[in-house]
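So you can see what is in the structure, the chains are spelled out below.
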Amino acid sequence: MAHLRLHVLDLGRLRMNARILVGRGPLPFPKMVEAPISAFCIDHPDGRVLFDTGCHPQSMGPQGRWPQDYQRDYAHLGGEECCLPHRLEQLGLGPNDFRYVVLSHMHSDHAGCTEFFRKSRIIVHAGEFAAAMAAYKNRDQRAYGWQDTDACLAAELDWRQVADDEGDLSLHEEVRLLNFGRGHAAGMLALSVDLPEAGRIVLASDAVYCAENLLERRPPRWLADATGYERAMDRIRALANAVGARVRHNTTLNTAGTRHEIHTQLLARSQRGLRP
């Protein structure tokens, strides 16, 4: 196994109504929550990988990229110091240091800094790219930031669109692209990373918000495709079972002497990461 490291980058938080995360039944947290935004940097000898790019530094404010009503409903907290360029600088890195940038999807809190990565291969689901382009054409900013998309197009990035029928793909021997397809968004991608000590980690982004979605089968309020979402949930559960792991709130478990973790970017949110 190659020597690789996984860095979790804190990109601030989104303040939102908790019903966005759990659409029915009792709420496991207060009505308004601050949900963490993360990116993941994978150091690999064959090329560094970045998973998601967070919010653009100029998303908020009177002249911000996001519409005012969107800023009200999904306030980005943390300021510019919590945006991706600053976090990479803290690691001694810049946008030119990445071979691949994988976008779980193109919503504005996950793809806001993509424009900076002009020397990277940008990997996105083909259905999601089409949805973002349709929103751009119609100036629909409910999920996809118009100015973010405009800046990406102006940058003439190196896009690699992954189709549904391609299935899962390998970026490196230890880093595998998981093709979830439609669900939370029009096309979702995740990463499976095999770390030398921690074992297998699945970075699922918004394919699952919290443990209540995954373990109690309580979906979030808004979905692009409810059937596709349930299919992704089944895949995540199967990934856990395939390595003999159980899924708990941001918890690693020992099974047959090997540690495995299902790290959904929020089994982190459920217990530890959500703030009232």
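Bear in mind that the values here come from a model prediction, so they are computed numbers and not experimental data. (Residues numbered from 1 in each chain as written. Predicted model: local features only at pLDDT ≥ 70, side-chain atom pairs only at ≥ 80, totals over all residues. Heavy atoms only, no water.)

Re the side chain of histidine 105
To keep it simple, the criterion reads: Numbering of helices and strands runs from the N terminus; a helix is a DSSP stretch of H or I covering at least four residues, while a strand is a stretch of E covering at least two. We call two N or O atoms a polar contact when they sit within 3.5 Å, provided that within protein one can donate a hydrogen and the other can accept it, with sequence-adjacent residues counted only if both atoms are side-chain atoms. Two residues qualify as a contact provided that any one of their heavy atoms is within 4.5 Å of a heavy atom in the partner residue.
Mapped onto the secondary structure, histidine 105 falls in the loop between strand E5 (100-102) and strand E6 (121-125). In this structure the side chain of histidine 105 is engaged in a polar contact, spanning 3.4 Å, whose partner is the side chain of histidine 107. Contact partners of histidine 105, with chain neighbours within four places excluded, come to Asp52, His110, Ala111, Glu128, His184, Ala185, Gly187, Met188, Ser205 and Asp206.

Comments concerning the environment of serine 205
Relative to the helices and strands, serine 205 resides in the loop between strand E11 (199-203) and helix H5 (211-215). Sequence spacing of serine 205 and aspartate 52 is 153 residues, and the spatial spacing of their C-alpha atoms is 8.5 Å. For serine 205, the side chain forms a polar contact with the side chain of serine 104, separated by 2.8 Å.

What about the confidence of the model for the protein chain?
Operational definition: Confidence scores labelled pLDDT are given residue by residue by the predictor and lie between 0 and 100.
Averaged over all residues, the pLDDT of the protein chain is 86; the fraction at 70 or higher stands at 87%. Within the model, the stretch residues 244-276 combines pLDDT values under 50 with 97 contacts to residues more than four positions away or in other chains.

Some words on the sheet that holds strand E10 (residues 188-195)
Our working rule: By this definition, two strands are paired if DSSP reports at least two bridges between them. Note on definitions: angles span 0 to 180 degrees between N-to-C directions of axes, and those axes are lines fitted to C-alpha atoms, for helices only across the stretch in contact.
Reading across the sheet, the 4 strands line up as E8-E9-E10-E11 and stay open at both edges, with antiparallel pairing between neighbours. Every other strand in the sheet has two partners, leaving strand E8 (169-172) and E11 as the edge strands with one partner each. Each neighbouring strand pair of the sheet contributes to a mean axis angle of 25 degrees, computed without reference to strand direction. Pairing analysis gives 3 bridges linking E8 to strand E9 (residues 175-181), with the strands arranged antiparallel. Residue pairing in the sheet places serine 170 in a bridge with arginine 176 of E9.

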